[in-house]
Amino acid sequence: MNANLIINYILILLNKQGKYTFVESKYILNYFKKINNSKMKLIQMSVKGISYSDTQTGAYALILSEEDGERKLPIIIGGFEAQSIAIALEQEIKPARPLTHDLFKSFAERFNIFVKQVIIHKLVDGVFYASLICERDKIEEIIDSRTSDAIALALRYKAPIYTYDYILKKAGFTAAVSGSSKKISEDNWIQNFVTEKSNAKEEIGDLKKLSIPKLKKLLTKLVNQESYEKAARVRDELSKRKS
């Protein structure tokens, strides 16, 4: 249900209960609409580059930059996605065989399907959620996607990338980031960010010591975190127990 409709419904109920006059209810509704519209404002982003951690092997941060501003959005991605995005950014580099995202584009274009834009629309527990806005025969379809995959495809289609203002306010940073007592450089901030996020990821340890219920719980958590390599190890351990 539309957020404005929910707000309107609540205010109608309050008005019926005599808590607000009609004029007061209308004023409050307009106030909440203004807040909601500002939060849902779409901001166009561009790919600034990819940073890797000097201390954490296989840890990469994709840096998106605000088109008409100074804010940046760092997103932790895997090594394969980092490679695919880097190749898409470097126009002169062409793999001998198509990567997965190149194959997707070739397959989609064969059936006249095109990616029009990408929207990073949600952030939950440090995980970004994105959607591909695709078009075929002037009919639009919305497809759920991992953010790294969505951006890899957006670069290949030269499609614009958007996110919501509230996501930038929650997870973004500016070029000069304030530290505890001094300002740290952007590069240092990104390095600290990648290291912190990598350390925060679930450590699975010795799986043989975990019971089956705990393994299942861990598997669900890793999938939600999109830590698929670790999730595969847990899945294999569960398979061994069942055989």
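Residues numbered from 1 in each chain as written. Predicted model: local features only at pLDDT ≥ 70, side-chain atom pairs only at ≥ 80, totals over all residues. Heavy atoms only, no water.

Visitor: Looking at this model, I keep getting lost on the overall build of the chain. Mind explaining?
Guide: For the chain, the count of helices and strands is nine helices and nine strands. Burial analysis of the chain (243 residues in total) assigns 36% to the buried set. Put simply, 53% of the contacts in the chain that link residues at least 6 apart link residues at least 24 apart. Total accessible area on the chain stands at roughly 15800 Å², and carbon and sulfur atoms take up 53% of it. (Helix = DSSP H or I, 4+ residues; strand = E, 2+ residues; numbered from the N terminus. Buried < 20%, exposed > 50% of the residue type's maximum accessible area, 1.4 Å probe, protein only. Contact = heavy atoms within 4.5 Å. Areas by Shrake-Rupley, 256 points an atom, 1.4 Å probe, with all protein chains shown as cover.)

Visitor: Before we go on, may I ask you to explain the packing of aromatic side chains in this structure?
Guide: The description of two aromatic rings rests on the distance between their centres and on the angle between their planes. For the coordinates displayed, the defined rule picks out two aromatic pairs. Both rings, one in Phe 107 and one in Phe 111, keep their centres 5.2 Å apart while their planes meet at 50°; by these two values the pair is tilted. According to the relative accessible area criterion, Phe 111 is partly exposed, its value standing at 40%. When the centroid spacing of 6.2 Å and the interplanar angle of 25° are considered together, the rings of Tyr 164 and Tyr 166 count as stacked. (Phe/Tyr/Trp six-rings, centres within 6.5 Å; stacked < 30°, edge-to-face > 60°.)

Visitor: Honestly, the sheet that holds strand S6 (residues 139-146) in this entry has me stumped. Any pointers?
Guide: Note on sheets: strands pair through backbone hydrogen bonds, and any given pair is parallel or antiparallel. The strand order across the open sheet built from seven strands is S3-S2-S1-S7-S4-S5-S6, with neighbouring strands paired in mixed fashion. Pairing within the sheet leaves two strands with one partner each, and these edge strands are strand S3 (72-77) and S6. Recorded for the sheet is a direction-independent mean angle of 35° between the axes of neighbouring strands. Note that strand S1 (residues 42-52) and strand S2 (residues 60-66) share seven bridges and pair antiparallel. The residue of S2 that forms the bridge with Gly 49 is Ile 63. (Pairing = 2+ DSSP bridges. Axes fitted to C-alpha atoms, helices over the stretch in contact; angles between N-to-C directions.)

Visitor: Just checking my understanding: could you explain the confidence of the model for the chain for this structure?
Guide: Low-pLDDT portions of the prediction should not be read for the details of their coordinates. Averaged over all residues, the pLDDT of the chain is 76; the fraction at 70 or higher stands at 67%. Scored below 50 in pLDDT, residues 177-184 shows eight contacts in the model against residues more than four places distant or in partner chains. (pLDDT = per-residue confidence, 0-100.)

Visitor: Where do I start with the environment of Ile 133 in this structure?
Guide: Within the element layout of this structure, Ile 133 appears in strand S5 (residues 127-136). Of the residues examined, Ile 133 reaches a relative accessible area of 6% and is grouped as buried. Separated by 10 residues in sequence, Ile 133 and Ile 143 have C-alpha atoms that sit 6.6 Å apart. If we ignore the near neighbours within four places in the chain, the residues touching Ile 133 are Phe 114, Val 115, Lys 116, Gln 117, Ile 119, Glu 140, Glu 141 and Ile 142.

Visitor: Help me out: how do you make sense of the nonpolar core in this one?
Guide: It is characteristic of soluble globular proteins that their nonpolar side chains tend to be buried jointly. One finds Leu 64, Leu 73, Ile 120, Phe 128, Ile 151 and Ile 161 to be the most contacted residues of the largest nonpolar core, which totals 36 residues. Tallying contributions element by element places helix H5 (residues 147-157) first for this core, with seven residues. Apart from residues lying up to four places away in sequence, Ile 120 is in contact with Leu 64, Ile 75, Phe 128, Tyr 129, Ala 130, Thr 147, Ile 151, Ile 161, Tyr 162, Thr 163, Tyr 164 and Ile 167. Counting residues in hydrophobic clusters, the runner-up holds seven residues, among them Leu 207, Leu 222, Val 234 and Leu 238. (Core = buried A, V, L, I, M, F, W, Y, C linked by side-chain atoms within 4.5 Å.)

Visitor: Just checking my understanding: could you explain the packing of helix H3 (residues 79-89) against H5 for this structure?
Guide: When two helices pack together, their arrangement is given by the angle between the helix axes and the distance between those axes. Running from N to C, H3 and H5 point in directions that differ by 15°, and their axes come no closer than 9 Å. Considering the angle they form, H3 stands roughly parallel to H5. Read as a crossing pair, H3 and H5 show a hand that is left-handed. Along its contact with H3, which presents Glu 81, Ser 84, Ile 85, Ala 88 and Leu 89, the element H5 presents Ser 148, Asp 149, Ile 151, Ala 152, Leu 155 and Arg 156. (Parallel < 35°, antiparallel > 145°, perpendicular 65-115°, else oblique. Left-handed = near helix turned anticlockwise from the far one by under 90°.)

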